[in-house]
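Fold and contact review
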Amino acid sequence: MKQNFKKAGRHPKIDPTAFRCSVNFTASEQAMLQTMHEKSGVESLSAFIKMQIFGKPFKVFVVDENSRIFIDKLSALNAHYRTISINYDLLLKTLRENFTEKKAMRVLSKLEQQTIELVKVNREIVALAKDFDERWLQKSQ
């Protein structure tokens, strides 16, 4: 008589971990290990130790609060530019509908000078942002 056994439980691992090592650290060495592990971003401490033993490189990404604030301010500035462009279009429409050509041209010339100054400031901001990017932000290789 054949017996039918159900296969239950966990599937066996393909490459089981059969060997374990123990390492003793002093308090300062343990603190150094923990800081290195936190900087690496690897979730498992054992995986981090394996990476260190077998020479696999790890990258450390540091998020600078000042660079985040700088990027947020640049994003807000772009939102202001969109607002200015909407107001610019609305002003042109109003000038065309409500004023004579001579008055409209006078206001438009002033508006044109202000726009030129705004473009110059924008170019300076872009140059400063590129300089900041080259100096302070780390590029992945």
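Quick notes on the rules
- Residues numbered from 1 in each chain as written.
- Predicted model: local features only at pLDDT ≥ 70, side-chain atom pairs only at ≥ 80, totals over all residues.
- Heavy atoms only, no water.
- Helix = DSSP H or I, 4+ residues; strand = E, 2+ residues; numbered from the N terminus.
- Buried < 20%, exposed > 50% of the residue type's maximum accessible area, 1.4 Å probe, protein only.
- Contact = heavy atoms within 4.5 Å.
- Areas by Shrake-Rupley, 256 points an atom, 1.4 Å probe, with all protein chains shown as cover.
- Patch = residues over 30% accessible without salt bridge, like charges linked within 9 Å, V, L, I, M, F, W, Y side chains within 5 Å.
- Salt bridge = Lys/Arg side-chain N within 4 Å of Asp/Glu carboxyl O.
- Lys, Arg positive; Asp, Glu negative; His and termini not counted.
- Charge placed at Lys NZ, Arg CZ, Asp CG, Glu CD.
- Axes fitted to C-alpha atoms, helices over the stretch in contact; angles between N-to-C directions.
- Parallel < 35°, antiparallel > 145°, perpendicular 65-115°, else oblique.
- Nonpolar A, V, L, I, M, F, W, Y, C, P; charged D, E, K, R; others polar.
- Polar contact = N/O pair within 3.5 Å; in protein donor to acceptor, adjacent residues only side chain to side chain.
- Expected span 1.5 Å × (residues − 1).
- pLDDT = per-residue confidence, 0-100.

With that settled, consider the overall build of the protein chain. Across its full length, the protein chain holds four helices and zero strands. Each helix and strand of the protein chain, placed in order from N terminus to C terminus, yields the pattern α-α-α-α. Within the protein chain, the fraction of its 141 residues that count as buried is 9%. Counting contacts in the protein chain only where the partners sit at least 6 residues apart, residues at least 24 apart contribute 33% of the total. For the protein chain, the accessible surface area stands at approximately 13600 Å², while carbon and sulfur atoms represent 58% of it.

So, on to a nonpolar patch on the surface. Residues Ile49, Ile53 and Phe54 make up a contiguous nonpolar surface patch of about 340 Å² in total accessible area. Tracing the backbone through its elements, the reader meets Ile53 in helix α2 (residues 45-53).

The next point concerns a positive patch on the surface. A contiguous patch of positive charge, built from Lys102, Lys103, Arg106 and Lys110, is present on the exposed surface. By the element assignment, Lys103 lies in helix α4 (residues 101-136).

Geometry of a packed helix pair, given as the angle between the helix axes and the separation of the axes. In the contact formed by helix α1 (residues 27-40) and α2, the axes pass within 10 Å of each other and the chain directions differ by 95 degrees. The pairing of α1 with α2 is recorded here as roughly perpendicular in orientation. Here Leu33, Gln34, Met36, His37 and Ser40 of α1 come into contact with α2, specifically with Leu45, Phe48, Ile49 and Gln52. For the contact of α1 with α2, the residue count by class is five nonpolar, four polar and no charged.

Below, the discussion takes up the environment of Ser44. By the element assignment, Ser44 lies in the loop between α1 and α2. A distance of 2.8 Å separates polar atoms of two side chains, one belonging to Ser44 and the other to Ser46.

Position of Ser40 among the secondary structure elements: in helix α1. Among the polar contacts listed, one links the side chain of Ser40 to the backbone nitrogen of Val42, at a separation of 3.3 Å.

On to α1. Over its 14 residues, α1 extends 20 Å from the first C-alpha to the last, a length consistent with the 20 Å expected when each residue adds 1.5 Å. In this structure, the buried residues of α1 make contact with α2. Gly41 sits one or two residues past α1 and shows a positive phi near 85 degrees.

For the rest of this paragraph, the subject is the side chain of His37. Inspection of the secondary structure assignment puts His37 in helix α1. By relative accessible area, His37 is classed as buried at 12%. With sequence-adjacent residues up to four places away left out, His37 is seen in contact with Val42, Glu43, Ser44, Leu45 and Phe48.

Here we come to the confidence of the model for the protein chain. Residue-level pLDDT values for the protein chain average 82, and 87% of them are 70 or greater. Mean pLDDT values for the elements of the protein chain range from 83 in helix α3 (residues 65-98) up to 89 in α1.

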